[in-house]
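# Architecture at a glance
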Amino acid sequence: MKPKFAIYLHKEIFNTLKPFDQINFQGYSFPHFNKIREALEKALDNYPKLQLRKADFKLYYQVHDKCYLDDLLLLSQDKKPSEEINRTIECSGMEYAIPGYEFSLGGFVEAINMVISGNLDRAYLFNVGGHHAHIKYAHGYSVLNTMAAAARYAQS
């Protein structure tokens, strides 16, 4: 019998290119949300889990401006972007969270594939902030729009 519900709370969702203490996060950001994920993971331990999956970063090019993404990748490597990235203060340091964004989107891809194949009805996915990001503007702890990329993936 197929599971009707599964969770995605893997610690890799919060992978960063540098250790947390070397990143200047602002407000209730990455470290805070990771503590929430850890608590949920313990509380929901009895539920079936979706397999960990890392999405190809290229999926974000379907919903974001190419120059914006290219500059974000440069910034994540401590290189100078071609132009200043337009972002709100709470997005500070989130450029180092790109691996987490790949694992977050990977969870959506895994859930979508399982639903489409008839092996799952619904899932609860905890992911990096991602629904506030615009095409070429980072906002609200979100430098990438995981939700939009997942929706675009589902449409394909």
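Refer to the structure printed above.
Starting afresh in each chain, residues are numbered from 1 along the sequence in its written order. Restriction of local features to residues with pLDDT of at least 70 applies here, the model being predicted, together with a cutoff of 80 or more for giving and counting side-chain atom pairs; totals for whole chains, interfaces and linings are based on all residues. Hydrogens are left out, water is left out, and the side-chain values use all remaining heavy atoms of the structure.

A few words on the overall build of the protein chain. Scanning the protein chain from terminus to terminus reveals four helices and two strands. Secondary structure follows DSSP: runs of H or I at least 4 residues long count as helices, runs of E at least 2 residues long count as strands, and numbering of each begins at the N terminus. In the protein chain, the succession of helices and strands from N to C terminus is β-α-α-α-β-α. C-alpha atoms of the protein chain, sized along the principal axes, occupy 50 × 35 × 20 Å. The rule is simple: take the accessible area with a 1.4 Å probe, protein chains only, and divide by the maximum for that residue type; under 20% is buried, over 50% is exposed, in between is partly exposed. Every one of the 156 residues in the protein chain was classed for burial, and the buried ones make up 44%. Note on contacts: a residue pair is in contact if any heavy atoms of the two residues lie within 4.5 Å. Pairs at least 24 apart in sequence give 74% of the contacts found in the protein chain among residues at least 6 apart. All accessible-area figures derive from a Shrake-Rupley calculation using a 1.4 Å probe, and residue coverage is judged against the displayed protein chains alone. Only carbon and sulfur atoms are counted for the fraction: they give 53% of the accessible area of the protein chain, which is about 8500 Å². Where the 18 positive side-chain charges of the protein chain centre and where its 17 negative ones centre are 5 Å apart. In this tally, Lys and Arg are treated as positive and Asp and Glu as negative; His is ignored, and so are the chain termini. A single reference atom marks each charge: NZ on Lys, CZ on Arg, CG on Asp, CD on Glu.

We now examine the packing of aromatic side chains. Two aromatic rings, drawn from Phe, Tyr or Trp (for Trp, its six-membered ring), form a pair once their centres lie within 6.5 Å of each other, and the interplanar angle then sorts them: stacked below 30 degrees, edge-to-face above 60, tilted otherwise. Per the counting criterion, the structure on display carries ten aromatic pairs. Each ring, one from F20 and one from F25, has its centre 5.9 Å from the other, and the planes form 85°; the classification is edge-to-face. For the pair F57 and Y61, a centre-to-centre distance of 5.9 Å together with 85° between the ring planes defines the contact as edge-to-face. Classification of F57 as buried rests on a relative accessible area of 9%. A residue is classified by how much of its surface remains accessible, and Y61, at 29% relative accessible area, is partly exposed. Every member of this aromatic cluster is reached through a ring pair, and the members are F14, F20, F25, F30 and F126.

Definition used for salt bridges: Asp or Glu carboxyl oxygen within 4 Å of a side-chain nitrogen of Lys or Arg. Within the structure shown, the criterion is met by nine salt bridges. Notably, a salt bridge pairs K49 with D45, separated by 3.6 Å at the nearest N-O pair. Judged by relative accessible area, which is 44%, K49 ranks as partly exposed. Notably, a salt bridge pairs E110 with R53, separated by 3.4 Å at the nearest N-O pair. You can see E110 sitting in helix 3 (residues 98–116) and its partner R53 sitting in the loop between helix 1 (30–43) and helix 2 (66–76), a full 57 residues away along the chain.

Right, let's get into helix 2. Of the residues making up helix 2, those classed as buried are Y68, L69, D71, L72, L75 and S76. All buried residues of helix 2 fall inside an arc of 165° around its axis, so they share one side. Pairs of N or O atoms within 3.5 Å make up the polar contacts considered here, provided that, within protein, one atom can donate a hydrogen while the other can accept it, and that residues adjacent in sequence are counted only when both atoms are side-chain atoms. The N-capping residue of helix 2, defined by a side-chain oxygen 3.1 Å from the backbone nitrogen of C67, is D65. Looking one or two places after helix 2, you find D78, whose phi comes out positive at around 60°. Directions from the helix axis toward the C-beta atoms define the arc.

Remember that the coordinates give geometry; whether it matters functionally is a separate question.
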